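# Residue-level structure breakdown
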Protein chains: 4
Amino acid sequence: MSHNSFGHLFRVTTWGESHGPAIGCVVDGCPPGIPLTEADIQPWLDKRRPGQSKFTTQRQEADQVRILSGVFEDEETGGQVTTGTPIALQIENIDQRSKDYSDIKDKFRPGHADYTYWQKYGVRDYRGGGRSSARETACRVAAGAVARKVLNHLIPGGVAVRGALVQVGNEHIDRAKWNWAELENNPFFCPDADAAKAWEPYIDGIRKAGSSIGAVIEVIAEGVPAGLGAPIYGKLDSDIAGALMTINAAKGVEIGAGFGAAALTGEDNADEMIRAGNKINFTANHAGGILGGISSGQPIVARFAVKPTSSILTPRKTVTKDGAETDITTKGRHDPCVGIRAVPIGEAMVACVLADHALRHLGQGLKFDQ
Amino acid sequence: MSHNSFGHLFRVTTWGESHGPAIGCVVDGCPPGIPLTEADIQPWLDKRRPGQSKFTTQRQEADQVRILSGVFEDEETGGQVTTGTPIALQIENIDQRSKDYSDIKDKFRPGHADYTYWQKYGVRDYRGGGRSSARETACRVAAGAVARKVLNHLIPGGVAVRGALVQVGNEHIDRAKWNWAELENNPFFCPDADAAKAWEPYIDGIRKAGSSIGAVIEVIAEGVPAGLGAPIYGKLDSDIAGALMTINAAKGVEIGAGFGAAALTGEDNADEMIRAGNKINFTANHAGGILGGISSGQPIVARFAVKPTSSILTPRKTVTKDGAETDITTKGRHDPCVGIRAVPIGEAMVACVLADHALRHLGQGLKFDQ
Amino acid sequence: MSHNSFGHLFRVTTWGESHGPAIGCVVDGCPPGIPLTEADIQPWLDKRRPGQSKFTTQRQEADQVRILSGVFEDEETGGQVTTGTPIALQIENIDQRSKDYSDIKDKFRPGHADYTYWQKYGVRDYRGGGRSSARETACRVAAGAVARKVLNHLIPGGVAVRGALVQVGNEHIDRAKWNWAELENNPFFCPDADAAKAWEPYIDGIRKAGSSIGAVIEVIAEGVPAGLGAPIYGKLDSDIAGALMTINAAKGVEIGAGFGAAALTGEDNADEMIRAGNKINFTANHAGGILGGISSGQPIVARFAVKPTSSILTPRKTVTKDGAETDITTKGRHDPCVGIRAVPIGEAMVACVLADHALRHLGQGLKFDQ
Amino acid sequence: MSHNSFGHLFRVTTWGESHGPAIGCVVDGCPPGIPLTEADIQPWLDKRRPGQSKFTTQRQEADQVRILSGVFEDEETGGQVTTGTPIALQIENIDQRSKDYSDIKDKFRPGHADYTYWQKYGVRDYRGGGRSSARETACRVAAGAVARKVLNHLIPGGVAVRGALVQVGNEHIDRAKWNWAELENNPFFCPDADAAKAWEPYIDGIRKAGSSIGAVIEVIAEGVPAGLGAPIYGKLDSDIAGALMTINAAKGVEIGAGFGAAALTGEDNADEMIRAGNKINFTANHAGGILGGISSGQPIVARFAVKPTSSILTPRKTVTKDGAETDITTKGRHDPCVGIRAVPIGEAMVACVLADHALRHLGQGLKFDQ
């Protein structure tokens, strides 16, 4: 049991604080013989990297990943491949802006982990949130890049895991206009061009007001064959839900029809089964690709809600460590909508869960059809 | 790693199929010296037991639990207490109605695990759903009863974990009318007397039509001290989300404001901190009692949505194992709203997560204040 | 983490006390589609069963195993096969001789777990040793029978795991006379006919004197392909050592040359590698079939030493729970040499470790050559 | 499950290859508030560091450890303490002597993991043994230093874990001359001054001959209270045995009387219990401080045997990757007796097991008496 590890056979252990010398992770269980260099990981980190538009925090971090172990030259190809030994990934912290932390050192920021860490541990690295900072999620994204390689190595045809921002505040996308290509055209990972256009002034207004807003992210995995997952306490949807809920600010998770299914009758919710040539197909995907905890072969569809960050300019009531009532205002570099950068993080978590389950499938003596 | 085990230090392993000779579980990690007899467990099983009203399946099961190990006479009190060794709990299957299973033996029921189990394993006990049957949840409720004892043993003041049905189809309770005492007065575990009155004809209509409907269950844990939980991948909310998502038919989970938080600004979502005598208090509980994965001392509030059961009288399209298209109709004993019986199950899962985290807290060298 | 579970992917959880109503285990992670009935398990239990000769305890237990879950009729063959769901195995306790336990209730038996359980838990089922009784090992033997099926299912050519008694007191076998067939001809699982003949009066003398004697058991696994195991903390020899050391009374474990290797030079200890047709072979097996924690393709050779049981007729000094000095004599049914019945238990543990590692090998994305 | 992690609640994950840029580990589960700086770890690393006498390999490594996370300034004392978050430790590889590896790149060294890694993974970092190099054990020693702090933090009175070399080849120490202080006076960690004097020319002869020799190391833990450990599969002796057997070259492990117990009668092996003032004491310690997997309060005594390294000057037969027969000679920097440097490693492993069990004890809701 480890509170800082994730997964069973594809196992990621992260370490590091926001303002320490570095952050990193150890990826254990990666099969050998998979080509892997830093160039396979860096692009995913770049998606998550702060400071890329005015809609995310202005902290400047190159987030250059280094692979410190677990890869070696393949004799046949000469290229660098995984060796089956643990892969250590490391990212230096560069922009640890040397500032005055007296405010958050002694006052608890409402809605942050400040109070609860202090209650639990009695000591905490308060600089930039320390261990509870979203900076830790860079390691998840790095590990997720490895997970993608593992999935494509193990599963015939490969697996695509993609996320998108589908709701900001009360603004929803129009699902009929969903176009993955649009994600490249706006700073929100929004798949609906019209929505993205409307969100720009909306989120900018929030930013200028020093306020913040919540969001919903959807992650879709395509190419997952039927049979991935496990019954009872190893359910694929349970593991996805647990994984997404570990993301900073996440407050809700749903699969397929999700909370909407509560309002449906059995007739409306049915995903009927039909033949499509030699394959079995479904007339709908209320299930989100998972039945009884095991994938059905349909796309896996998961959504998670993130709350608005509590780091806002409006002063809020709080208390000091000594129990005195006071006010607090968060100045400095913050995300008006943490949901934007949560998109690559959500993708990474789902990729990690799937890679873990792909190995668990094999580890039950089962195979993937070729 | 085990797909049929749950928890780390308070660890529950379940076994058994719907129509096998028995079902059971092993509860490992229970501290010694806690008074425990079958009478401590049976009332919780009786809450979940089928056939208690016309709104749940008419399968008749006494669900009498037996403790086969892990308890012994205490020398001082003479009463039966836990010994620190594994507690084996067992329930015989009695009403395994000997019927014709030819329908579900060869046809996949849409929305069930039939198809995915078959895809994964190539063999399955199809009788009554076998391992994927909700019958397995009786073991969870039994283990949950032990978890409650553990919580009350470890945490000063004790912990109360209670669940309620808060939505059926599009029918919501009025939260202003919430009264825990009302749960005894209706067959729905509904805390709002007026809603319960309205639900009776509504659910009965669904039942008579051979249809089904989804629901939302809320579970609240009171008495949890600040500091329970853990950062990063051992977050209390992640574990609760994963746990609730293992419940049959669950499609969504949320904590505190949940998906509603996506629509809020930072100002609206803030749970400000104030003094209340010698204690620290909060002006609201959007967080659902958890910050950074660690409890804040406020009540823990979790909700989960269950889909309508796909076992309905209306014929639906499906395919046979041989890939031929056909229709299927589910006759027999089924729940019009599985959300009702999901209430004690949801409570049990949250109790198990909390007991596990209470032990994990101690296992990190930490203490509970007395 | 569970103190009563063993293995990772082939995972066994045992429960039950010596004088409770039953003992049992849950075997999780067994691949589906493996033929398995009680008749596959019973013969191994019969080997371990007490009361079969005058050299083992006279407790009478039929040790009839029941499979309560995890198997179902295979459609094609009509035979019973595993389904990939947890296999619950159960054995009733029959001969719980209702006797006077006042002696061991209040006095600690030196060399038993009485004192340490009481120090740890403050309460214990003292009847027949309760949980610490070797009766628990019946569950290991039952699980080991399933492990053998798994090994033969996964590994081309199959794996044979066999144990033998190689030393009793100061009496050693002559390794030159090793003949597996002799195990059927004596009540000691001794592979050397002459040694067995000499041991009979020797052990009988110990039995009549109400004394006891230690022993060494050797377990050999043949057919294990090169590549099973894992580096660093998942080493095959580490897992075998840990497993054998969980057996009641075990005090030492060695692999291949074992402690003898301490006295060797590098030249003497070398297992040189040569060609044997198309295969690579070794000139010796000081390594016991394991290099760097991974199998080499040679037979795996492990030995473990068991101490003499402390249940003897000679009175020994001890103390009561209240701390008063006293004497204790163990009357009743006991094994003069617990090493005899440890043979099938040692085999079972090694089989379980190998089955677990076979699945772990697959779960790292690796295969067994066909 | 992770092949590169060790322990459950005090959990160490190591990474890195002999000739990569660095090696390191993540220590998770360390309680907060324990003073910890690099100066607490470095002395233990210095004990294991190569090149300190002519009796160990001449590789030059400063083995300077850096703490990259998990510690922070304590508010009250101003000193650096653990925070309850993962502690990342890192050591750079400096003396990666750039040499010609062609010999071990294509030929398997008999007795090394070369062949088995290649059989398992099909690719390996052959430089200096890569992951299978004993260089990995530096991380264990670093983690062991943290474990010692944890033990002294949790257990009243503290725990001392000390190791010594007790046998080299056929040369044994005289136990009557055991003097811990002598360990400082010879380069072998030998507690018997006379033996150490005799070993010097003996081992030097082996070194000069380019040969090698096996050894036995004894580790003793004093101050462990009665009640540490767990029954069945979480036995303290099982965990110690498994831990010591993960050490490179280890071939055997024993507790207390160990293999010697096989030759004893119950009368001879008895550790009788007597009163010593207000405490319970034992007349002997054949049990090595562990009964039924749980500590008795006596010193815990474990021994392990290491084989002679197979890196010797005498040419030995081997095969190439292509299966051709050839000879191999190991030139370069090697230890004539790897048992010497195994002493601090064995200590570290026992300290880690004890720290893990101390936390597991608390995590079962139990306490240590004050």
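Description of the structure in this document. These figures come from a predicted structure and were not determined experimentally.

About the thresholds
Residues numbered from 1 in each chain as written. Chains lettered and ligands numbered in written order. Predicted model: local features only at pLDDT ≥ 70, side-chain atom pairs only at ≥ 80, totals over all residues. Heavy atoms only, no water. Helix = DSSP H or I, 4+ residues; strand = E, 2+ residues; numbered from the N terminus. Rg over C-alpha atoms; globule rule 2.2 N^0.38 Å. Buried < 20%, exposed > 50% of the residue type's maximum accessible area, 1.4 Å probe, protein only. Contact = heavy atoms within 4.5 Å. Areas by Shrake-Rupley, 256 points an atom, 1.4 Å probe, with all protein chains shown as cover. Lys, Arg positive; Asp, Glu negative; His and termini not counted. Charge placed at Lys NZ, Arg CZ, Asp CG, Glu CD. Buried area = accessible area lost by both parts, 1.4 Å probe. Salt bridge = Lys/Arg side-chain N within 4 Å of Asp/Glu carboxyl O. Polar contact = N/O pair within 3.5 Å; in protein donor to acceptor, adjacent residues only side chain to side chain. Least-squares fit on C-alpha atoms with pLDDT ≥ 70 in both. Pairing = 2+ DSSP bridges. Axes fitted to C-alpha atoms, helices over the stretch in contact; angles between N-to-C directions. Core = buried A, V, L, I, M, F, W, Y, C linked by side-chain atoms within 4.5 Å. Nonpolar A, V, L, I, M, F, W, Y, C, P; charged D, E, K, R; others polar.

In terms of helices and strands, chain A carries eight helices and 18 strands. Relative to a compact globule of 370 residues, whose C-alpha radius of gyration would be 21 Å, chain A shows 21 Å and is just as compact. Each of the three principal axes of chain A carries a C-alpha extent, and together these read 70 × 55 × 40 Å. Evaluated residue by residue, chain A yields a buried proportion of 67% over its 370 residues. A separation of at least 24 residues holds for 70% of the contacts in chain A among residues at least 6 apart in sequence. Total accessible area on chain A stands at roughly 11,700 Å², and carbon and sulfur atoms take up 47% of it. Here chain A contributes 40 positively and 43 negatively charged side chains, and the mean placements of these two sets differ by 5 Å.

Each side of the interface is counted separately: chain D has 41 residues, and chain A has 41 residues. Roughly 3,400 Å² is buried in total at the junction of chain D and chain A, and carbon and sulfur atoms are behind 60% of that figure. Taken as a group, Trp 15, Phe 72 and Val 123 of chain D account for 18% of the area that chain D buries against chain A, more than any other trio of residues on that side. Here chain D and chain A share two salt bridges between them. A salt bridge links Lys 321 of chain D to Glu 75 of chain A; the shortest N-O distance between them is 2.2 Å. Linking chain D to chain A there are 12 residue pairs in polar contact (both at pLDDT 80 or more). Among the secondary structure elements, those contributing two or more residues to the side of chain D that touches chain A are strand 2 (11-15), strand 3 (22-28), strand 5 (71-73), strand 6 (80-82) and strand 7 (87-92) of chain D. Top element by residues in the side of chain D that touches chain A is strand 2 of chain D. It accounts for four residues.

Here the second copy of the chain follows from the first by a rotation about an axis and a shift along it. When chain D is fitted to chain C, the best match, at an RMSD of 0.0 Å, comes from turning it 180° and sliding it 0.0 Å along the axis. Read as a symmetry element, the transformation amounts to a two-fold axis. Judged by C-alpha distance, Gly 242 of chain D is the residue of chain D that lies nearest the rotation axis, at 2.2 Å. A high fraction, 100%, of the interface residues of chain D reappear at the interface in chain C, so the copies pair face to face through one surface.

Turning our attention to the sheet that holds strand 4 (residues 65-67) of chain D. Residues and elements named next belong to chain D. Strand order in the open sheet formed by five strands is 1-2-3-7-4, and the pairing between neighbours is antiparallel. Looking at which strands have only one partner, the edges of the open sheet turn out to be strand 1 (5-6) and strand 4. One ladder, built from two bridges, connects strand 1 with strand 2; its direction is antiparallel. Of the residues in strand 2, the one forming a bridge with Ser 5 is Thr 13. Strand contacts of helix 1 (residues 38-48): strand 4 and strand 7, with the helix running at about 155° to strand 4, the strand carrying the most contacts.

Moving on to the nonpolar core. Counting residues in hydrophobic clusters, the biggest one holds 390 residues, and the most contacted among them are Leu 354 of chain A, Leu 354 of chain B, Leu 354 of chain C together with Leu 354 of chain D. In contact with Leu 354 of chain B, not counting residues within four places along its chain, are Leu 151, Val 159, Val 161, Ala 221, Val 224, Leu 228, Leu 236 and Ile 300 of chain B.

All names here are of chain A. Of all seven residues that make up strand 3 (residues 22-28), seven are buried, and the element is covered over most of its length. Of the two faces of strand 3, the one holding Ala 22, Gly 24, Val 26 and Asp 28 and the one holding Ile 23, Cys 25 and Val 27 are both buried throughout. Looking at chain direction, strand 2 (residues 11-15) and strand 3 are connected through five bridges and run antiparallel. Of the residues in strand 3, the one forming a bridge with Val 12 is Val 27. As judged from the six bridges shared by strand 3 and strand 7 (residues 87-92), these two strands associate in the antiparallel manner. When the sheet's bridge partners are listed, Val 27 is paired in strand 7 with Ile 87.

On to the sheet that holds strand 2 (residues 11-16) of chain C. Think of a sheet as strands paired side by side through backbone hydrogen bonds, with each pair either parallel or antiparallel. If you walk across this open sheet you meet the five strands as 1-2-3-7-4 (chain C), and the pairing is antiparallel. Every other strand in the sheet has two partners, leaving strand 1 (5-6) and strand 4 (65-67) of chain C as the edge strands with one partner each.

Time to look at the side chain of Lys 251 of chain B. Tracing the backbone through its elements, the reader meets Lys 251 of chain B in strand 11 (residues 250-255). For the buried residue Lys 251 of chain B, which engages in no salt bridge, the nearest side chain bearing the opposite charge is Asp 237 of chain A, 4.8 Å off.

The subject of this paragraph is the interface of chain D and chain C. Facing the 106 residues of chain D at the interface are 106 residues of chain C. For the pair chain D and chain C, the summed buried surface comes to about 8,300 Å²; carbon and sulfur atoms form 63% of the total. Considering only the surface of chain D that becomes buried against chain C, Lys 120, Tyr 233 and Lys 251 of chain D emerge as the three largest contributors, covering 11% of it. At the boundary of chain D with chain C, the tally comes to 46 residue pairs in polar contact (both at pLDDT 80 or more). In the side of chain D that touches chain C, the residues fall into 49 nonpolar, 38 polar and 19 charged. Of the pairings in the sheet, the one linking strand 11 (residues 250-255) of chain C to strand 11 (residues 250-255) of chain D comprises three bridges and is antiparallel in character.

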